[in-house]
Amino acid sequence: MAEINCPLCGKANPDDFEVCQYCQARLKPLLAPDSAEENSLPQDETGVEEPTSPAAAEIPEWLQELRQDEDSLELEPERSSDELAADISEATGDAGSIPTGTPDWIYEVEQETQRDFDHIEPPPPSPAEPGPEPAALPDWLESIRLGLHGTPGLASSQATEPVESTGPLAGLRGVLAADALISRSRGPATRPAKLRVSANQLVHIDLLRELVESEGKSQPLPQKPSISSEHILRWGIALAVCLAVVWSIIFPGQPAALPAFQEETAELNRLIEQLPDGGQVLVAFDYEPGEFAELDAAASAVIDHLMIQGAYLTLVSTTPLGPVLAERFIEELQPVHHYTAGVQYVNLGYIPGGTASLVMLTGNMPRALPYTIEGLAAWGSESQPVLPPLQGIQNVGDYDLVMVLVDDPDVARAWVEQVEPFISSSSPQGSLGMVISAQLEPIIRPYYDANPRQVHGFVAGLRGGASYARLNGREELVRSYWDSFGVGLFMAVLLMLVAGLMYSTYPLLTRPSKSDSEVKG
Amino acid sequence: MKFPFSVAVAIGIGLITLAGYFLNIPVLQTLRMALIEWATTLAAVALLVGIANLFTIHWNKLTSGKVGGLYSAILIVSLVLTLGVVGWFGPTHTYSKWIFNNVQLPVEGSLLALLAVILVVAGVRLLRLRSSMLSIIFIITAMVILLATGPLFGISVPGLTELRSWIAQVPAMAGARGLLLGIGLGIVAAGLRVLIGSDRPYRG
C-alpha cells in the first residue's frame, strides 16, 4: 500500500487515510486542484511546472463529476438574477413560489414587470447588422493582463477563480461579478427567533397571562357569612340597650333625682316669670319630626310654663312640617291647659323661603303671614276682628318673648343673627329664648355668653328640660322619660367601658411570652 | 368677558338687599322687603316643583319596570293619599293628624332612634379598630358627658357634673367659636363672590 506523509507531523500514513492517524491533521485537501486547469496548463508561460497531487489519479468518480460541474459553471458567463431565479424555480419545480431571501414586495414587482415584458414581442434579429467593433484596450490594461498571466504565484492562487469571458476584462480571473452580486437582492440577516427566557421570567409570564385572561371573566363575589361576629356585636348591643330601657319602663324602681338647673335655664325661667299678664309670645317650631322625642320632652316644661302664665301664643315654622308638629304639641298639653285655637293661640303655619324669610317677620307680619293654618284671616277682616294673640302685633319686635324650638344649627344661627337684633332694638323687654337639641349647646352657648346677650336663656336637651321642670315644680312632665333615659345612657357607658377594657387587655393576654419568642427565635 | 343680563340682575338685587341692611333709606327698605317677598314666593313654588319632580321621577321608574319599582309605587300611593286627605279635609283635621301621628312621626323617630344604637356600636368598635391616644381621650370624654347628662341612680361621683360643665363650656365652646368664625368668613366670601359675579349659582 502506498503511503503519504503528514504535512504537519511528517509521519507516514496509508494513502487512503483522510486524516493523519497520529496528529489528526488533514492529509488530503478538501478542494483538489482543478484537473482540467492542470491538464490545460501543465506548464505556465514562465516554464515552471505546476506540482500535481499524487492522489489525483485516484479521485472517485462522483467527486470528479462534481468538479467537472464546477468547471462548467465557472466557464459559463455570469447570469442575471432572473436567470438564477428561473433555474431555482426549475430545480424546485415550483414556478410560482417566492425565491428564498427575496422580499415579497420585490418579488411581486418583478413578477409584474416580467408580465409586462412578456406582452412585448422582441424585434426580429437583423443578421445583416454587424455588432459593435471591439474597442482597443489601453496599454496599461494590456500590461496588467500580461503581468497577471506572467506571475506564477498569482496564477496558481487564481486557478480556481472564474475567468471573465466578455468585455474589456475578458480573460482575467477574479473579476468581481457586478451583475450577479450587486443586483442580487438579499433579505435581512436572519436572527434566531427563540428568546432565552429564564424560569423566573416564565413564572411571571404565566402570572401576567392569567391576569390578562381573568380580566374579561366575571369573578363571583366572595360569599359573606350570613351571620358574622359584627352582626352578633350589633344585635347584642342593640338588644342590651333596648332591654335596659324597656325594663326601666315596665319595672320602674326608685325614681332618679332630676338634675340641678344651670344658669341659662334659670334665666329663661326668669324671662317667662316676668311676662305680663296676657303677654304675647311667638313660638317657632323649627325642627324635623325625627327630633320630636327630644324636643317635645325638652320643651314641654317650658311651654307648660308659658301656658301657666296665660301667655298668648303665635305659632310659626320655617319647615313644612313644623305647623303640624306645633298642633300636635299643643294637643298634648290640652288636658291640662285647654288652649283653644284662635283664642289663646294661633297657628300661622309655614313661612316659605327657609331662613331667608325670617327677615319678613321683622317687616310686615300681616303681609307675610296673613292666614292661620285653618285658613282664617289671622289679622282680621270685615266680618272678623283680629285674633287675640295677634292684637297689636305688626312685626316680631312687638312680642314680649320669642321662643324658638330648634334642632338645626343653621336655623338656630339664623334666628339669632337675623331676628334678635331687631327684637333688642325694638323693645327693651323683648327677648329671645331657645329650646334646643343637646347637640346644639356648644353652638348656642357663645351667643348666650356674649355681651350683650344674643340669646337670653335656653334649655338644652332632655337634661335641660328636666332641670327646668324641677325648677318650675312640674316634675311629673319629665318623670316618664327621665329614668328610662338615664338607664339607656348608663347601659351605653357600661358597654363602651367593658369593650374598651376588653380590647385594651386582649392584645396583652394574647401576646407571646418572652420565653416563647426566645424558643422560636 | 361675557357679562350676561342674569349676572347684572343678580348683582343688582344683591347690592340693593345688602344696602337695605345698612342704610336707613325708605326706598331701599321697601325694595329690600319686596325682593325678599318675591324670594319667599319663589321658594314656595320651588317646593311644589320639587314635589312634582319627585312624582315624575318615581312614576317613570314605576312605568319603566326598573328595580325598586315597588318602592316607587308605595311612594306615589302615599303621596297621592296624603295630598288628597290633607287637601280635602285640611291640615288640622283628624284624618290628617292621624296620618302624621301614626305614620310620619313613628317612621322618622325610629330612624333617629337607630342613631343611638349605632353610636354605641361605634364607641365599642373604636378601640378595637383604632386604639390610639386620641381615641382613648375621645371615648373617655364621651363617657363623662353621657354619665353626667343622665341620672346616676344614687351613685355619687364627686366633680363629675363640674367636669361635664367644663368640657361643654371650655373646649367644646372654643371649637364652636372657631366653627362660627369659619362659617361667618365663608358666608362673607360666598356672598362677595356672588356680588362680583365670580360665582353664579343661578346659572343652569
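Higher on the page you've got the structure.
Before going into details, it helps to say that this report is about the structure given with it. Computed from a predicted model, the values in this text were never measured in an experiment. (Residues numbered from 1 in each chain as written. Chains lettered and ligands numbered in written order. Predicted model: local features only at pLDDT ≥ 70, side-chain atom pairs only at ≥ 80, totals over all residues. Heavy atoms only, no water.)

### Section: the interface of chain B and chain A
Stated precisely, the cut-off is as follows: Whether two residues touch is decided by their heavy atoms; if any such pair falls within 4.5 Å, the residues are in contact. Here the buried area means the combined drop in accessible surface, using a 1.4 Å probe, for two parts upon being joined, counting both sides. Think of a salt bridge as a Lys or Arg side-chain nitrogen and an Asp or Glu carboxyl oxygen that are within 4 Å of each other. The definition of a polar contact used here is a pair of N or O atoms within 3.5 Å, where within protein one atom must be able to donate a hydrogen and the other to accept one, and adjacent residues in sequence count solely through side-chain atom pairs. In this description a helix means any DSSP run of H or I spanning at least four residues, a strand means any run of E spanning at least two, and both kinds are numbered starting from the N terminus.
Counting residues at the interface gives 50 residues for chain B and 55 residues for chain A. Taken together, both faces of the contact between chain B and chain A bury some 4,800 Å²; the carbon and sulfur share is 75%. Between Arg125 of chain B and Glu230 of chain A there is a salt bridge, and its shortest N-O distance comes to 3.3 Å. At the boundary of chain B and chain A, one finds eight residue pairs in polar contact (both at pLDDT 80 or more). Of all the secondary-structure elements, those providing two or more residues to the side of chain B that touches chain A are α2 (26–63), α4 (94–129), α5 (133–149), α6 (160–169) and α7 (171–195) of chain B. Per-element accounting of the side of chain B that touches chain A gives the leading share, 16 residues, to α4 of chain B.

### Here we look at helix α17 (residues 441–449) of chain A
Stated precisely, the cut-off is as follows: Think of it in three bands: with a 1.4 Å probe and only protein chains considered, a residue is buried below 20% of the maximum accessible area for its type, exposed above 50%, and partly exposed in between.
Of all nine residues that make up α17 of chain A, seven are buried, and the element is covered over most of its length. Along α17 of chain A, the residues that are buried comprise Glu441, Ile443, Ile444, Arg445, Pro446, Tyr447 and Tyr448 of chain A. Considering only its buried residues, α17 of chain A is in contact with α10 (263–273), α16 (409–426), β7 (432–436) and β8 (457–460) of chain A together with α6 and α7 of chain B.

### A short note on helix α18 (residues 461–472) of chain A
Residue and element names in this part refer to chain A. This is how the line gets drawn: Expected helix span is given by 1.5 Å per residue-to-residue step, counting one fewer step than there are residues.
In this model α18 runs 17 Å from its N-terminal to its C-terminal C-alpha over 12 residues, within 8% of the 16 Å that 1.5 Å per residue would give. The buried count for α18 comes to 10 of 12 residues, which makes it a mostly enclosed element. Every buried residue of α18 is accounted for by Gly461, Leu462, Arg463, Gly464, Gly465, Ala466, Ser467, Tyr468, Ala469 and Asn472. Gly473 sits one or two residues past α18 and shows a positive phi near 75°.

### Quick word on the packing of α6 of chain B against α7 of chain B
All names here are of chain B. Condition: All axes are obtained by fitting lines to C-alpha atoms, using only the stretch in contact for helices, and the reported angles, taken between N-to-C directions, cover 0 to 180 degrees. Any angle between 65 and 115 degrees counts as roughly perpendicular, while under 35 counts as roughly parallel, over 145 as roughly antiparallel, and the rest as oblique. In this classification, Asp, Glu, Lys and Arg are treated as charged, Ala, Val, Leu, Ile, Met, Phe, Trp, Tyr, Cys and Pro as nonpolar, and every other residue, Gly included, as polar.
At their nearest, the axes of α6 and α7 sit 3 Å apart, and the two run at 15° to each other. Accordingly, the angle class assigned to the pair α6 and α7 is roughly parallel. Judged by residue contacts, Trp166, Ile167, Ala168 and Gln169 of α6 engage Pro171, Ala172 and Met173 from α7. Taken together, the residues that form the contact of α6 with α7 break down as six nonpolar, one polar and no charged.

### Focus: the pattern of salt bridges
The final tally for this structure, using the stated rule, is 17 salt bridges over all chains. With its nearest N and O atoms 2.3 Å apart, the salt bridge here joins Lys97 of chain B to Glu331 of chain A. Taken as a pair, Lys97 of chain B in helix α4 and Glu331 of chain A in helix α12 (residues 322–332) lie in two separate chains rather than in one. Assessed through its relative accessible area of 38%, Glu331 of chain A is described here as partly exposed. Of the charged contacts, one joins Glu37 of chain B and Arg367 of chain A as a salt bridge, the two residues approaching to 2.5 Å between their closest N and O atoms. With one member in each of two chains, Glu37 of chain B in helix α2 and Arg367 of chain A in helix α15 (residues 365–368) form a pair that bridges those chains. When salt bridges with common partners are traced through the structure, they connect Glu263, Glu267, Arg270 and Arg453 of chain A into a single cluster.

### Details of the side chain of Thr319 of chain A
In this fold, Thr319 of chain A is placed in the loop between β4 (312–317) and α12. Setting aside anything within four residues of it in sequence, one finds Thr319 of chain A in contact with Phe285, Asp286, Tyr287, Glu288 and Tyr350 of chain A.

Geometric values such as these leave the question of function open.
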